Amino acid sequence: MAAYLCPPAVIHGEHAVKTSQIVAEVGDRHPHAAWAPRIDGIAASTGIETRGWMLPLETAVAPGQGNGLHAVGIAPAQEALARDGFAQQDVDRVIAALESIPAPQTVQERTAPAWEAVQSYGERAARGALQTAGLDAADVDCLITSHSTTPALPGLDIALSNRLSLRSDTLLLPATQWACIAGTRSLALAAELVAADPDRVVLVVISEALSTTYQPGDDTLESLIVRLLFADTAVAAVVTGRPRPESVLRLDAAWHHTLPGTQDLHRLETRADGTHFVMDRRGPRAVQETVTAMWEWLRTRYQDDPDSWHPDVLLAHPGGTRVLEYMEQTMPDGWPSGLLDYSRDSYTTGNRGGAAVFDILRRAHDAGQLKAGHRAVLYAAAPGLTATALEGQWL
């Protein structure tokens, strides 16, 4: 399967949003929520003090252009009030009051600026990855893209094809719904593509504006957690079928696992005011099942190894630190501690969704502690619930 990965480019959201800002905004908006007395402790438990967004917090919480009459219109409201016996003076007062009520942002108002940012950030990441790999846009034979919270047709693949001036025969493979698994699954697909043609150059671009799931009107505990967790990031990397001087990781094997009947545990829902990420408290336990299955895959893969095999680094995005703790508790006996340090470090500035594994990989690369011959395992799980892992060697 050998595929060669160059260092990824990582573009973090340029607008720093502090946890204290989110706590203040949510607390003022929902002072009587059941979780309000515990909001400071809940926020502290995430371990995140600041995350980067592509757009400022003010953009997410701003009212829409409409008002309380946006849905029905003034004339129908006046007619309904008149039919119910309201005097004209009272009708005018009610209409004026309703017109003063700001409406939530619509899907278009919320998504349009985020979609523009996703394209811009994706382009920057793509150009950075190509420069790092010592290649030009004309060298790209295939482009794989993902962007899960900004639905668009045409999507990021077409946008980047035009922005980068890719060749007209470049194969475009959009994978919008991969979400959190985009990093590992895109690499697995890229490895399959270069295995079929070792001269092929594959560019992977993942651009996630997860802040679009910040919904001011929601008052559930799960929506509070979503507000606190997500960050915006664009990443990109080049995969080739032959080693290049810039290659840092050889991918040797891929593994996929999907749990039946778990599609409702974590999901995106599109409502009148935009995209909502719905979490289920059973989700982390289900993700743990994919971790257990991955350990078994690695055990079987190396059961005949004459030495006591273990990876030298685990680049893992299971959705949160709770599952990282489970991974540490269930690792095979004899594996060294600290394998998940770079994964933990990434979470301190937010959950990056599909961009997370590339961000973690970049942190491991920049630390300079991994040497040629070190073994790496990349793992991610996503709504579905589905997981993909890869195993390879540091170059």
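Thresholds applied
- Residues numbered from 1 in each chain as written.
- Predicted model: local features only at pLDDT ≥ 70, side-chain atom pairs only at ≥ 80, totals over all residues.
- Heavy atoms only, no water.
- Helix = DSSP H or I, 4+ residues; strand = E, 2+ residues; numbered from the N terminus.
- Rg over C-alpha atoms; globule rule 2.2 N^0.38 Å.
- Buried < 20%, exposed > 50% of the residue type's maximum accessible area, 1.4 Å probe, protein only.
- Contact = heavy atoms within 4.5 Å.
- Areas by Shrake-Rupley, 256 points an atom, 1.4 Å probe, with all protein chains shown as cover.
- Lys, Arg positive; Asp, Glu negative; His and termini not counted.
- Charge placed at Lys NZ, Arg CZ, Asp CG, Glu CD.
- Core = buried A, V, L, I, M, F, W, Y, C linked by side-chain atoms within 4.5 Å.
- Pairing = 2+ DSSP bridges.
- UniProt positions renumbered as here; feature names shortened; annotations may be inferred.
- Axes fitted to C-alpha atoms, helices over the stretch in contact; angles between N-to-C directions.
- Parallel < 35°, antiparallel > 145°, perpendicular 65-115°, else oblique.
- Left-handed = near helix turned anticlockwise from the far one by under 90°.
- Nonpolar A, V, L, I, M, F, W, Y, C, P; charged D, E, K, R; others polar.
- Salt bridge = Lys/Arg side-chain N within 4 Å of Asp/Glu carboxyl O.
- 1 Å grid on protein atoms, 1.4 Å probe; cavity = no way out; pocket = protein on both sides within 12 Å on 5 of 7 lines; lining within 4 Å.
- Points joined across faces, edges and corners; volume = space filled by probe spheres on them.
- Expected span 1.5 Å × (residues − 1).

Draft legend 1. Inspection of the overall build of the protein at higher detail. What the protein contains, in helices and strands, is 13 helices and 14 strands. Its C-alpha atoms give the protein a radius of gyration of 23 Å, within 12% of the compact-globule value 21 Å for 395 residues. Summarising its shape, the C-alpha atoms of the protein cover approximately 90 × 50 × 35 Å along the three principal directions. In the protein, which comprises 395 residues, the share counted as buried stands at 54%. For the protein, long-range pairs separated by at least 24 residues make up 81% of all intrachain contacts whose partners lie at least 6 apart in sequence. When the accessible area of the protein is evaluated, it comes to approximately 17,200 Å², of which 51% is carbon and sulfur surface. Across the protein, the centroid of the 31 positively charged side chains sits 2 Å from that of the 47 negatively charged ones.

Draft legend 2. Local environment of the nonpolar core. Ile144, Leu187, Val202, Leu249 and Leu378 are the most contacted members of the largest nonpolar core, which has 41 residues in total. Here this core takes 7 residues from helix α8 (residues 182-196), the largest share from any one element. Residues contacting leucine 378, with those up to four places away along its chain left out, are Thr184, Leu187, Leu249, Leu315, Val357, Thr388, Ala389 and Leu390. Membership of the second largest hydrophobic core comes to 31 residues, among which are Ala286, Ala316, Leu339 and Ala381.

Draft legend 3. Region of interest: the pairing of strand β13 (residues 375-382). Counting buried residues along β13, 8 of its 8 residues qualify, which places the element largely inside the surrounding structure. Neither face of β13 is exposed, since Arg375, Val377, Tyr379 and Ala381 on one face and Ala376, Leu378, Ala380 and Ala382 on the opposite face are all buried. Bridging between strand β12 (residues 313-317) and β13 involves 5 bridges; their strand directions are parallel. Pairing of leucine 314 across the sheet is with valine 377, part of β13. Two strands pair when backbone bridges link them, and β13 and strand β14 (residues 386-394) are joined in this way by 8 bridges, in the antiparallel orientation. By the bridge assignment, alanine 382 is partnered in β14 with threonine 386. Hairpin connection, β13 to β14: the antiparallel pair is bridged by 3 residues, and glycine 384 has positive phi, about 155 degrees.

Draft legend 4. Examining the UniProt feature "domain: Chalcone/stilbene synthase N-terminal" (unreviewed entry) in the protein more closely. UniProt marks residues 105-242 with the feature "domain: Chalcone/stilbene synthase N-terminal" (unreviewed entry), using the numbering shown here. Note that residues 105-242 is 43% helix and 20% strand, and that its end C-alpha atoms are spaced 49 Å apart.

Draft legend 5. Quick peek at the packing of helix α6 (residues 107-133) against helix α7 (residues 156-164). The N-to-C vectors of α6 and α7 enclose an angle of 55 degrees; their axes lie 10 Å apart at closest approach. With respect to α7, the element α6 is oriented oblique. Taken as a pair, α6 and α7 cross one another with a handedness that is right-handed. Along the contact surface, α6 presents Trp115, Glu116, Val118, Gln119, Ser120, Gly122, Glu123, Ala126 and Arg127, while α7 presents Leu156, Ala159, Leu160, Arg163 and Leu164. Classifying every residue of the contact of α6 with α7 by side-chain character gives 7 nonpolar, 3 polar and 4 charged.

Draft legend 6. Here's a closer look at unusual backbone geometry. A cis geometry characterises the amide bond from leucine 153 onward to proline 154, with omega recorded as 0 degrees. Inspection of the secondary structure assignment puts proline 154 in the loop between β5 (142-146) and α7. The omega angle of the peptide bond from glycine 384 to leucine 385 is -20 degrees, so this bond is cis rather than trans. By the secondary structure assignment, leucine 385 is in the loop between β13 and β14.

Draft legend 7. Quick peek at the pattern of salt bridges. Taken as a whole and assessed by the stated rule, the structure comprises 22 salt bridges. A salt bridge links glutamate 116 to arginine 163; its shortest N-O distance comes to 3.0 Å. Highlighted residues: glutamate 116 in helix α6 and arginine 163 in helix α7, separated in sequence by 47 residues. With a closest N to O distance of 2.7 Å, glutamate 269 and arginine 271 form a salt bridge. The exposure class assigned to arginine 271 is partly exposed, which follows from its relative accessible area of 35%.

Draft legend 8. Spatial organisation of empty space enclosed by the protein. Tallying each qualifying case throughout the model produces 1 cavity of 30 Å³ or more. As for the largest cavity, its lining consists of Trp53, Leu55, Pro56, Thr59, Ala60, Arg110, Pro113, Ala114, Ser211 and Thr212. At the level of elements, α3 (57-61) and α6 are the ones that each hand at least two residues to the lining of the largest cavity. Looking at which element gives the most residues to the lining of the largest cavity, the answer is α6, with 3 residues.

Draft legend 9. Looking closely at α8. Counted at 1.5 Å a residue, the expected span for α8 with its 15 residues is 21 Å, and the 21 Å between its end C-alpha atoms agrees. When you tally the buried positions in α8, you get 11 out of 15 residues, the bulk of the element. Taken together, the buried positions of α8 are occupied by Ala182, Gly183, Thr184, Arg185, Ser186, Leu187, Ala188, Ala190, Ala191, Leu193 and Val194.

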